[in-house]
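What the coordinates show
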Amino acid sequence: MNVKTAIITTIEKTLTRQSIDYPEIEVEVPNDKSHGDFSTNIAMKLARVLRKPPLKIAEELVQASDFDQSIFTAVFVARPGFINFTVNKAIYHDLIPRINDAPSDYGTLTIGKGEHYNIEFVSANPTGSLHIGHARGAAAGDALARVLVKAGYQVTKEFYVNDGGNQINQLAASIKARYNQAFGINQAVPEDGYHGPEIKKLADEIIKEVGDRFLHEEGVEFFKAYGVDSLLASLKEDLAQFNVTFDVWFKESQLYKENRIEETLNVLKDRGYTYEEDGALWLKTSLYGDEKDRVIVKSDGTYTYITPDIAYHYDKLSRGYTKLIDILGGDHHGYVPRLKAAIAMMSGQEEMLDVELLQMVKVLQDGQEIKMSKRSGKSITLADLMAEVGKDPIRYFFAMRSLNTHMDLDLDLALKESNENPVFYAQYAHARIASLFRQAETKGYQVDPTLSTFSTLNGEKIEYLLTVLSEYPDAIEEAATKRIPHKITHYIHRLAQALHSFYADEIILSEDAVKVRERLALLHAVKAVLKDALTLVGVDAKERM
RNA sequence: GUUUCGGUAGCUCAGUUGGAUAGAGCAACGGCCUUCUAAGCCGUCGGUCGGGGGUUCGAAUCCCUCCCGGAACGCCA
């Protein structure tokens, strides 16, 4: 039973009967409890059309409409023209057995029916460790993917491995330099190379395996392959520990091997989107809103960065997804128009690719900003962070923020592991119920998840808890359609708050067996929804804390 | 200079297809543990929504303009 739908259809019926043309009827949950449980501003919208005071329209509308009295305990008009509704919270009792019967079904939607999304995120180069920026991408992309799945979309999560470009040559050269250094040869790591400690470690490993062999041989191919393989393996490991997995790991080198880039270029040439100038091949991206055309084959015959990336997206298109989503760092925003242009050329649809930009994370320590530096190899790695604070606070923290907001991460705060971190609040709510259940058992009470009729679930705290439970599907829908996974952490917080407030308000394991049984069934449902929502942002629901 | 993201409470952030008295967490302050986990609850304090104009019944939200900060502007990746 959906209350919003009931309101909308009732009003629609009235307006249609009166032959009034009406705009979309919006029903929302007011911020202020004194405005009821639901409200609509339709009378204000109609004021323009009907040329009558909104207050009067609202009153007449309420008079003429037949709102179901078993759902609504009050329908009232408020200045300047809102119609507010108070609902009988007993209608939410149905939710309890429904949730308890199939916990993961609750909030599961079908709005993505028939759609298959491909979502690409992180896609860090295999040239070093994952840092804090990648962590944000991983947390955001994974949460979004899970929310989309929950909303009924089919989703493929994908990681593009840049193992074909010039940066891999730099990687090999960097490892080689560290390798030589280990033998006392004074050779600096190239200026544009990779300076992190993980590169040194790799060189040491290689020496253990092959000794001084590459003092006499060039070994570039060996260093490339070894470096990419082992850095990729550790990326995967870090991500897995961060509770992020991918369905597809797509290697750029595969595009070269299978001649896919030439193939893609031919498609673009055949469709007349290219031309030659100054000895280079250009793509007419300005046709699709880019500020100028872009070179895709340089005059020396090599490709620019975007060329294999276009071929990669062409491959994704060929796999039949209905939508491609790329989650990119905000520093790539200038790259987006040309990529979208290329995809429009290949797919014939300008809206095929959605790009979600993540803004930079500013890291603070002792009140000072820590700058990442490629040259010194200094950066805060995901692995270090997880070792110090654990996966959950980091995931929750990133999931709390909207994707395209600039954000600050205060390390002193993050490392504190105190209640300043809101993830504990949510996990505690879940653990609290678990603890209560253990306690109930020792007192001889059974949690009965099949309980379906209730007579004692009333009072402000319980009704609020039921109301918040009822809002879960709406939260999922909004998070999925607007691509705002932080809606989920907001929901989690509201539910945890409702739980804590109720818990503090009364002794649940009282002497009244009926009351106890009904409350335990309610809490069983709350626990299940908390867990489901936490899972959407990749956070564990703990049984104990 | 152009493009782009941002500027909302002391701090970190929601709210931005125009709606009710602008919200939350943290911090601060005051209460609540002989009773199911106090990582909790209840309450208080806290705002010229960067500035200024405009549009209208109504603007944090739309338009114009200015100020401040991040980022991108390559036949680099």
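Described in the following lines is the structure provided in the data block. What you see is a predicted model, and the numbers here were worked out from it, not measured in a lab.

What counts, and at which threshold
- Residues numbered from 1 in each chain as written.
- Chains lettered and ligands numbered in written order.
- Predicted model: local features only at pLDDT ≥ 70, side-chain atom pairs only at ≥ 80, totals over all residues.
- Heavy atoms only, no water.
- Helix = DSSP H or I, 4+ residues; strand = E, 2+ residues; numbered from the N terminus.
- Buried < 20%, exposed > 50% of the residue type's maximum accessible area, 1.4 Å probe, protein only.
- Contact = heavy atoms within 4.5 Å.
- Areas by Shrake-Rupley, 256 points an atom, 1.4 Å probe, with all protein chains shown as cover.
- Pairing = 2+ DSSP bridges.
- Axes fitted to C-alpha atoms, helices over the stretch in contact; angles between N-to-C directions.
- Expected span 1.5 Å × (residues − 1).
- Salt bridge = Lys/Arg side-chain N within 4 Å of Asp/Glu carboxyl O.
- Parallel < 35°, antiparallel > 145°, perpendicular 65-115°, else oblique.
- Nonpolar A, V, L, I, M, F, W, Y, C, P; charged D, E, K, R; others polar.
- Near = heavy atom within 4 Å.
- Polar contact = N/O pair within 3.5 Å; in protein donor to acceptor, adjacent residues only side chain to side chain.
- Lys, Arg positive; Asp, Glu negative; His and termini not counted.

**Overview of the overall build of chain A**
The secondary structure content of chain A amounts to 20 helices and 15 strands. Relative to its 545 residues, chain A shows a buried fraction of 51%. Put simply, 73% of the contacts in chain A that link residues at least 6 apart link residues at least 24 apart. A total accessible area of about 25,900 Å² is found for chain A, and carbon and sulfur atoms account for 47% of it.

**A word on the sheet that holds strand 2 (residues 38–40)**
The strand order across the open sheet built from 4 strands is 1-2-4-3, with neighbouring strands paired in antiparallel fashion. Each edge of the open sheet carries a strand with a single partner, namely strand 1 (27–28) and strand 3 (72–78). Where strand 1 and strand 2 come together, 2 bridges link them in antiparallel fashion. Considered in strand 2, the bridge of V27 is made with T40. Set on the sheet, helix 1 (residues 3–17) makes contact with strand 1, strand 2, strand 3 and strand 4 (82–87); between it and strand 2 the angle comes to about 35 degrees. Each of strand 3 and strand 4 is contacted by helix 3 (residues 54–64), which is oriented at about 155 degrees to strand 3, the strand it contacts most.

**A look at helix 6 (residues 166–182)**
Along its 17 residues, helix 6 runs 25 Å from first to last C-alpha, staying within 8% of the 24 Å computed at 1.5 Å per residue. Every buried residue belonging to helix 6 is among Q167, I168, L171, A172, S174, I175, K176, A177, R178, Y179 and N180, and all of these are buried.

**Some thoughts on unusual backbone geometry**
Looking along the chain, the bond that leaves R79 and enters P80 is cis, with omega of 0 degrees. Despite not being glycine, V122 shows a phi value in the positive range, around 65 degrees. Note that V122 resides in the loop between strand 5 (116–120) and helix 5 (132–150). Of the residues examined, V122 reaches a relative accessible area of 14% and is grouped as buried.

**Looking at the pairing of strand 4**
When strand 2 meets strand 4, the two strands line up antiparallel, connected through 3 bridges. Paired with T40 across the bridge in strand 4 is I83. Taken together, the 6 bridges between strand 3 and strand 4 define a ladder with antiparallel strand orientation. Residue pairing across strands places V75 opposite F85, the latter belonging to strand 4. The turn linking strand 3 back onto strand 4 is made up of 3 residues, and G81 within it adopts a positive phi angle of 160 degrees.

**Focus on the pairing of strand 15 (residues 407–410)**
Of the two faces of strand 15, only the one carrying M407 and L409 is buried; D408 and D410 on the other face are not. For strand 13 (residues 361–365) and strand 15, the ladder comprises 4 bridges, and the chain directions are parallel. By the bridge assignment for strand 15, L364 is matched with D410.

**Structural notes on the pattern of salt bridges**
Opposite charge on two side chains permits them to pair, given that their charged atoms come into close proximity. Here the structure, examined in full by the defined rule, presents 30 salt bridges. Between K4 and D474 there is a salt bridge, with its nearest N and O atoms 3.6 Å apart. Linking K4 in helix 1 with D474 in helix 18 (residues 472–481), this pair joins segments that are 470 residues apart in sequence. The partner of D392 in a salt bridge is K542, with the nearest N and O atoms 4.0 Å apart. Taken together, the residues D392 in helix 14 (residues 391–400) and K542 in the segment after helix 20 (513–536) connect sequence positions 150 residues apart. Via salt bridges that share partners, E158, E258, R260, E263, D315 and R319 belong to a single interconnected network.

**Quick word on the packing of helix 14 against helix 16 (residues 422–442)**
To describe two helices that pack against each other, one gives the angle between their axes and the distance between the axes. The contact between helix 14 and helix 16 brings their axes to 9 Å, and the two run at 110 degrees. One finds that helix 14 runs roughly perpendicular with respect to helix 16. Here D392, P393, Y396 and M400 of helix 14 lie close against helix 16, whose contacting residues are P422, V423, F424, A426 and Q427. Of the residues belonging to the contact of helix 14 with helix 16, the class tally is 7 nonpolar, 1 polar and 1 charged.

**What to know about the protein's contact with RNA strand B**
The local shell around RNA strand B holds 60 residues, among which F82, Q167, D408, Y428 and R432 are the closest. Atoms of RNA strand B within 4 Å of the protein: sugar and phosphate make up 61%, bases the balance. A distance of 2.9 Å separates a base oxygen of RNA strand B from a polar backbone atom of S299. Within the backbone of Y305, one N or O atom sits 3.1 Å away from a phosphate oxygen of RNA strand B. Elements that contribute at least two residues to the surface near RNA strand B include exactly helix 2 (42–50), strand 4, helix 6, strand 9 (280–283), strand 15, helix 16 and helix 19 (486–505). In terms of residue count, the dominant contributor to the surface near RNA strand B is helix 16 (9 residues). Among the residues forming the surface near RNA strand B, the class breakdown is 20 nonpolar, 25 polar and 15 charged.

**Quick notes on the side chain of D309**
Of note, D309 is situated in helix 11 (residues 306–318). Buried charge without a partner: D309 forms no salt bridge, and the closest opposite charge is K316, 6.6 Å away. Other than its neighbours up to four places away in sequence, D309 contacts Y160, Y335 and L339.

**Remarks on the sheet that holds strand 14 (residues 368–370)**
Read from one edge to the other, the open sheet built from 3 strands follows the order 14-13-15, with strand pairing classed as mixed. The open sheet has two free edges, formed respectively by strand 14 and strand 15, since each of these has just one partner strand. Here the strands of the sheet are splayed against their neighbours by 40 degrees on average, with no regard to which way each runs.

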